[in-house]
Amino acid sequence: MSTGLYGAYGGRYVPETLIPALEELEAGWRALGEDFHQELAELQRTYIGRPTPIYETVRFAPEGKRILLKREDLCHTGAHKINNAVGQALLAQRLGKRRIVAETGAGQHGVATATVCARFGVECVVYMGSEDMRRQAPNVERMKLLGAEVQPVEFGTRTLKEATSEAIRDWISNVETTYYLIGSVVGPHPYPELVRELQSVIGREAREQSLELGRLPDAVVACVGGGSNAIGIFAGFLDDTDVRLVGVEAEGAASLGSGRPGVLHGARSSLLADEDGQIADAHSISAGLDYPGVGPEHAHLRDTGRASYVTATDDEALAAFHRLAETEGIIPALESSHALARALDLDAELVLVCLSGRGDKDLAEVLAH
Amino acid sequence: MKTLVVYLMAGGETPALAEAAVEAGADIVEIGFPFSDPLADGPVIRRAAERALAEGMRTRACLECLVAVRERVTTPLIPMTYSSLLEAYGYERFADDARAAGATSLIVADLPAGERPDLRRIQLVAPTSTDERLRLAAGETDGWLYLVTVTGTTGARAELSPALAGLVERARAVTEAPLYAGFGISTPDHARAAAELADGVVVGSRAVEVAEEGPGALGEYVASLREALR
Ligand SMILES: Cc1ncc(COP(=O)(O)O)c(C=O)c1O
C-alpha cells in the first residue's frame, strides 16, 4: 500500500473500476484553491450556521464537574453531517458531476446530502437499509421532500453496512457521471482525509472557544460510528497532549473496542469480523452507530494511544438522552447520547462533548423503549 | 482456440459441477470463496455467496473444496475472493495454502494493481482504467489479464458491452499477455462476439445460476458456450 495510510490502516481496497475515479477525486481535491475555501466559508456561515456555540450545561453535569457541549445539533439539518456534505458538494460541482449518490444510517447524512443536492440543483440518490427506514422514518420523509430518491436496501443486515455497499455498487456502475458523497471518515483514500478536513472545522472552532472560556478542556468526548464527528473535534486538540481524547462506541458496535484488522468498504481498519474475515453484524439502538467498521485514522489513534475508546450501552445512551432533555431543554441525537453517557462518569473536571446532532429523528425509537 | 473460463461458487456440489464444466469444454475454473460484503458482485453472485456462507463455506472449507475439485480435474483452478479473507488468513499463507490445495493462481476483486504487489495474482482492468494503469496491471499480472467488459458489477447483461473493443485495443498496445473478457457475458452469442476481440471469455453469474440446476444442466450450458467459441 502506498497511499492514504494511517499507520497500517487505510488504503484503496476497491475494484479497479473505481481507481481512476479515486485518482480524479484526489487530484481535484488537491487542486482546490482560494475560491473553494471562500465559498465553503461563506456557506458555513450563512447556510450551515457556523460557528456553532459552545454551551456549558447548568444542571446536566454532576457535582464537581463541568460539561461543555459543542452544539453541532444547531447546524442546518440538525447534525454535523452537513459540514461534510456542503464541502463535498462544492467539490462534486468542480468535478462536473451532476448526480450524487450517498448511503445513510440514521438518515442525517442522507438528509444533509439531499439538502445540498437541492441547493446545487443536482440529482440525488440515497441508499438506506429498510430497517433504518423503519426506525428513522421522519428522515426518510425529509429526504423525499427535498427531492431525493431514497433506495431501500432489502438484503443482509438492512442497515448502514448494506446501504454503503449498495451506494458503492451504484458508483461502480455510474462512475463517469456520478459523485459518491460518503458520509463519514471511512472508505478508500482519499475519503477519510477529505471528510476529516471538512469536519475539522468543529475542532478548530471548539479549541478557540475553549480558550475564550478560559482554558482547554481536560477531555474531549465524542461518539464514534464511522468516526467523523469524533475526528472533526479531535483534530483541534491532537497536538494538545494534555487533552484526553475519548471516543465512545455503541457497545454492540465496538469496531475499535472489540474489532480486529480487516477490510471493509475500501479500507483496512479495525472491524467487527470473525476469524475468517467475514464481517459481523453490529447492534445498536442508534442507527448512526450501527456499523461494524470505523475510519482508519481512529484505528491508528487507538494503536498509538493518543485517543482512547470506550463503549456505552443502549440503556446508558437512553438515560443520558432523557437526562439532557430534562435538565437542559436540549434533545440530543441517540448517537450523541452515547458520548453524553460517558462524559457523565469520566474522571475529568472539564469535559467537552461533541453534541453531534439533535434527537427529533429519534423520538419514535425512544418512546418505544 | 479461444479460452473458456467458468466461475463457480465454492460449495458441496462444486467438485461435481467443476467436473461437468470441464468435460463440456471449460479450460479454466474459477472458484469463488464467498465474502459477506462483495462490492464487485451483482445480485446473483451475492446471493450465491450468502448461501455458501450459510452452509459454512469459510476459508478452510473452501480450501478443502479446492482439493476435492483438483482430484477431479486437471485444468487450471483459480480462487476468486476479497481482501478481507486474506487479511484474516494472512496474505502469504493464503497464497501458499491455496497453491498446495491445487490453485494455479488467485484473483482478489478488491485488490487493484499496485496494492500488495508481492502477492502474485491475476489482475483485473476495466474500461475506466487509464493506459498507465493497464501497463501497471499487465506488468504485475500472473499469466493472463482479466478484462472487465463493463463499468459495473458482475451480472448478466442483455448486450455485450460496447466498451470491450476499445479496452482490448488499449490492452494489446501495452501487453502480450492473453486477454480474457468477463462480467456481463452470459449467452453463446456474447461469448462468440467477445472472443472475436479477446483471447477468451469468463462466464460468471449465468454459470452460477445454471449450476443451481445441477451438473447436467451446467454441462449443457458450458457445451453451448464451447460450441460458440470454436
Ligand atoms: C447525530 C449523529 N452523530 C453521529 C453519527 C455517527 O457518525 P460519525 O461517527 O461519522 O460522526 C451520526 C450518523 O448518522 C449522526 O447522525
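Trainee: Which parts of the structure should I look at to understand the pairing of strand β2 (residues 28–32) of chain B?
Mentor: Consecutive side chains of a regular strand alternate in pointing toward one face of the sheet and then the other. Residue and element names in this part refer to chain B. Counting buried positions along β2 yields five of five residues, so the element is predominantly enclosed. Judged from the five bridges that link them, strand β1 (residues 3–9) and β2 form a sheet pairing that is parallel. Bridging across to β2, L8 finds its partner in I31. The parallel pair β1 and β2 is bridged by helix α1 (residues 14–23), and the resulting crossover is right-handed. Bridge count between β2 and strand β3 (residues 77–81): four bridges; the pairing is parallel. Residue pairing in the sheet places V29 in a bridge with L77 of β3.

Trainee: It is not clear to me how the packing of aromatic side chains should be interpreted in this structure. Could you clarify?
Mentor: Any pair of aromatic rings gets described here by the distance separating the centres and the angle formed by the planes. Under the counting rule described, the total for this entry stands at nine aromatic pairs over all chains. An angle of 90 degrees between the planes, with centres 5.9 Å apart, marks the rings of Y146(B) and F183(B) as edge-to-face. Separated by 37 residues along the polypeptide, Y146(B) in strand β6 (residues 145–148) and F183(B) in the loop between β7 (179–182) and α8 (188–197) bring together distant segments of the chain. A relative accessible area of 9% means that F183(B) is categorised as buried. Pairwise contacts between aromatic rings join W144(B), Y146(B), Y180(B) and F183(B) into one cluster. Stacked on the ring of F120(A), the Lys or Arg R119(A) has its end atom at 4.9 Å from the ring centre. Over the aromatic face of Y89(B) sits the side chain of R93(B), whose NZ or CZ is 3.9 Å from the ring centroid.

Trainee: Could you clarify how one ought to interpret the domain arrangement of chain A in this entry?
Mentor: One frequent convention defines the size of an interface as the accessible area lost when the parts assemble. All names here are of chain A. Domain boundaries in chain A define domain 1 (5–42 + 81–195) and domain 2 (49–79 + 200–368). For domain 1 and domain 2, the distance between their C-alpha centres works out to 21 Å. Contact residues are listed per partner, giving 40 residues for domain 1 and 43 residues for domain 2. Here domain 1 meets domain 2 over a buried area of about 3,200 Å², counting both sides, of which 59% is carbon and sulfur. On the domain 1 side of the interface with domain 2, the three residues burying the most area are Y9, R135 and K161, jointly 23% of the side's total. Across the contact surface, domain 1 and domain 2 share 18 residue pairs in polar contact (both at pLDDT 80 or more).

Trainee: Help me out: how do you make sense of the interface of chain B and chain A in this one?
Mentor: On the side of chain A, 35 residues touch chain B, which itself brings 36 residues to the contact. Carbon and sulfur atoms supply 50% of the area that chain B and chain A bury against each other, a total of about 2,900 Å² over both sides. When the buried surface of chain B facing chain A is broken down by residue, D37(B), L39(B) and E115(B) rank first, second and third, together holding 22% of it. Where chain B packs against chain A, one counts five salt bridges. Salt-bridge contacts for D274(A) lead to R58(B); the nearest nitrogen and oxygen are separated by 2.4 Å. At the junction of chain B and chain A, the tally comes to 15 residue pairs in polar contact (both at pLDDT 80 or more). When residues of the side of chain B that touches chain A are traced back to their parent elements, those giving at least two are α2 (43–54), α4 (83–89) and β5 (124–125) of chain B. The leading source of residues in the side of chain B that touches chain A is α4(B), at five residues. The residue makeup of the side of chain B that touches chain A, split by class, is 16 nonpolar, ten polar and ten charged.

Trainee: What is the right way to look at helix α10 (residues 215–228) of chain B in this model?
Mentor: Working note: α-helix, 3.6 residues per turn, so residues spaced by three or four point in the same direction. All names here are of chain B. Between the first and last C-alpha of α10 there are 20 Å, a value that for 14 residues agrees with the 20 Å anticipated at 1.5 Å per step. By the burial criterion, the buried members of α10 are A217, L218, G219, Y221, V222, L225, R226 and A228. In the core, the buried residues of α10 are packed alongside β1, α1, α8, β8 (200–203) and α9 (205–211).

Trainee: Mind showing me how you'd approach the pattern of salt bridges here?
Mentor: A side chain of one charge can pair with a side chain of the opposite charge if their charged atoms are brought near each other. All names here are of chain A. Within the structure shown, the criterion is met by 48 salt bridges over all chains. The salt bridge partner of R12 is E26, with a shortest N-O separation of 2.8 Å. Placement of R12 in the loop between β2 (9–10) and α1 (19–30) and of E26 in helix α1 is noted, with a sequence separation of 14 residues between them. By relative accessible area, R12 is classed as buried at 6%. With relative accessibility at 16%, the residue E26 sits in the buried group. Across the pair E154 and R158 runs a salt bridge whose closest N-O atoms are separated by 4.0 Å. Residue R158 is classed as partly exposed on the basis of its relative accessible area of 33%.

Trainee: Explain the site of the ligand here, please?
Mentor: Residue and element names in this part refer to chain A. If you check the shell around the ligand, you find 18 residues, and the closest are S184, G225, G227, S228 and S356. S356 has a polar side-chain atom sitting 2.6 Å from a nitrogen atom of the ligand. Across the complex, the protein chains shield 97% of the 390 Å² of accessible surface that the ligand would expose by itself. Residues belonging to the shell around the ligand are distributed by class as follows: five nonpolar, eleven polar and two charged. Counting the residues that make up the shell around the ligand, at least three belong to each of domain 1 (5–42 + 81–195) and domain 2 (49–79 + 200–368).

Trainee: Is there a simple way to think about the sheet that holds strand β6 (residues 123–129) of chain A in this case?
Mentor: Strand pairing in a sheet relies on backbone hydrogen bonds, with the paired strands running either antiparallel or parallel. Residue and element names in this part refer to chain A. Across the sheet, which stays open at both edges, the four strands sit in the order β7-β6-β5-β8 with parallel pairing between neighbours. Each end of this open sheet is capped by a strand with a single partner; those strands are β7 (149–153) and β8 (178–180). The mean angle between the axes of side-by-side strands here comes to 25 degrees, regardless of whether they run parallel or antiparallel. Pairing geometry for β6 and β7, over five bridges, is parallel.

Cut-offs and rules
- Residues take numbers from 1 onward in each chain, read along the sequence in its written order.
- Numbering of ligands from 1 and lettering of chains from A proceed in the order in which they are written.
- It should be noted that, the model being predicted, local features are given only for residues of pLDDT at least 70 and side-chain atom pairs only at 80 or more, the latter also being counted only at that level, while totals for whole chains, interfaces and linings use all residues.
- To get the side-chain values, all heavy atoms of the structure are used, and hydrogens and water are removed first.
- Three labels apply to residues, based on accessible area from a 1.4 Å probe with only protein chains included: buried if under 20% of the type maximum, exposed if over 50%, partly exposed otherwise in between.
- To qualify as a helix, a DSSP run of H or I must reach at least 4 residues; to qualify as a strand, a run of E must reach at least 2; elements of each kind are numbered from the N terminus.
- Any two strands with at least two DSSP-identified bridges between them are counted as paired.
- The crossover handedness rule: strands pointing away from the viewer, path from first strand over the helix to second strand clockwise, crossover right-handed.
- When two rings of Phe, Tyr or Trp (its six-membered ring) have centres within 6.5 Å they constitute a pair, described as stacked for plane angles under 30 degrees, edge-to-face for angles over 60, and tilted for the intermediate range.
- Placement of a charge over a ring requires the Lys NZ or Arg CZ to be within 6 Å of the ring centre, with the centre-to-atom vector within 35 degrees of the ring normal.
- What marks off one domain from the next here is an automatic or database domain assignment.
- Residue contacts follow a heavy-atom distance rule, with two residues in contact if any of their heavy atoms lie within 4.5 Å.
- Buried area: the accessible area, evaluated with a 1.4 Å probe, that two parts lose upon being put together, summed over both parts.
- Two N or O atoms count as a polar contact when they lie within 3.5 Å, although within protein this holds only if one can serve as hydrogen donor and the other as acceptor, and sequence-adjacent residues are included solely when both atoms are side-chain atoms.
- For this analysis, a salt bridge means a side-chain nitrogen from Lys or Arg found within 4 Å of a carboxyl oxygen belonging to Asp or Glu.
- Nonpolar residues are Ala, Val, Leu, Ile, Met, Phe, Trp, Tyr, Cys and Pro. Charged residues are Asp, Glu, Lys and Arg, and all others, Gly as well, are polar.
- Multiplying 1.5 Å by the residue count of a helix minus one yields the expected span of that helix.
- One heavy atom within 4 Å of a molecule or strand makes the whole residue count as near it.
- For the area figures, the Shrake-Rupley method with a 1.4 Å probe applies, and any residue is considered shielded solely by the protein chains shown.
- Note on geometry: axes are lines fitted to C-alpha atoms, helical ones only across the stretch in contact, with angles between N-to-C directions running from 0 to 180 degrees.

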